[in-house]
Each structure stands twice: as C-alpha cells, then as structure tokens.
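Commentary on secondary and tertiary structure
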Amino acid sequence: RCVQDPLLSWFRKMPKIAQLQQTALGCAAGLRWVQHVVLSDRLPRQQLLARLAQPVIYQMLKSAWTAHPKKPTAGRILMIARQILESFT
C-alpha cells in the first residue's frame, strides 16, 4: 500500500540505494541520500514521522554499519541517528 503512495516514492528507491552498500563510497552516497532526501528537514513533520515509521530506514543503517564500520560511514550513521532523535523533540 505505501509503495503506491506518490509521497513515498523514496521507498521504491531504497532497494537500489541498499545495493550501493557494497562499496564504502556507495554506502556513503546512499547514507547521504537518506539523510538529505528521505529525512529532509523540508518535509512536513507528519510526513517525516510517517517515513520514520518505516523499518527499511533502520535496516539500511544497520547493514551500512555492518558492511563498513569505519569512521566515515560510522560518522554519517551517527549523524542520521541524531537527526532521527531530534525529529522527535
């Protein structure tokens, strides 16, 4: 149901973005896309909260950490985690 919603077109792109995690550079690019597109600060709060309710975001963060636990990727993951937490305040 949510895949058909035009406001959730980002959801359809997630499998391709997840494939980028095979390399550290691709992983960093995918995480940046999540941070700036999926979790954009320009989104209405209700839409942001709806996106945060999707487990695919957290699955991607976990797999990014598992695949590339070094500093650049870890730093981006922590920035996204902080952004998520701040969106609830």
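Here is a short report on the structure shown in this document. (Residues numbered from 1 in each chain as written. Predicted model: local features only at pLDDT ≥ 70, side-chain atom pairs only at ≥ 80, totals over all residues. Heavy atoms only, no water.)

Now for the overall build of the protein. Broken down by element type, the protein carries 5 helices and 0 strands. Overall, the protein shows an N-to-C arrangement of helices and strands of α-α-α-α-α. Relative to its length of 89 residues, the protein is compact, with a C-alpha radius of gyration of 13 Å against a globular reference of 12 Å. Overall, the protein is about 35 × 30 × 20 Å in size when its C-alpha atoms are taken along their principal axes. Across the 89 residues of the protein, 37% fall into the buried class. If you take every contact in the protein between residues at least 6 apart in sequence, the share linking residues at least 24 apart comes to 60%. Accessible surface for the protein amounts to roughly 6000 Å². Of this, 62% is attributable to carbon and sulfur atoms. (Helix = DSSP H or I, 4+ residues; strand = E, 2+ residues; numbered from the N terminus. Rg over C-alpha atoms; globule rule 2.2 N^0.38 Å. Buried < 20%, exposed > 50% of the residue type's maximum accessible area, 1.4 Å probe, protein only. Contact = heavy atoms within 4.5 Å. Areas by Shrake-Rupley, 256 points an atom, 1.4 Å probe, with all protein chains shown as cover.)

Relative to the helices and strands, Q21 is located in the loop between α1 (9–19) and α2 (24–38). Within polar-contact distance, the side chain of Q21 engages the side chain of S63 at 2.6 Å. Each residue touching Q21, except ones within four places of it in the same chain, is listed here: C27, M60, S63, A64, A67 and H68. (Polar contact = N/O pair within 3.5 Å; in protein donor to acceptor, adjacent residues only side chain to side chain.)

A separate point is the environment of A74. Along the chain, A74 turns up in helix α5 (residues 71–87). The sequence separation of A74 and A28 amounts to 46 residues, and the corresponding C-alpha distance is 9.5 Å. When sequence neighbours within four positions are dropped, the list of residues in contact with A74 reads W65, H68 and P69.

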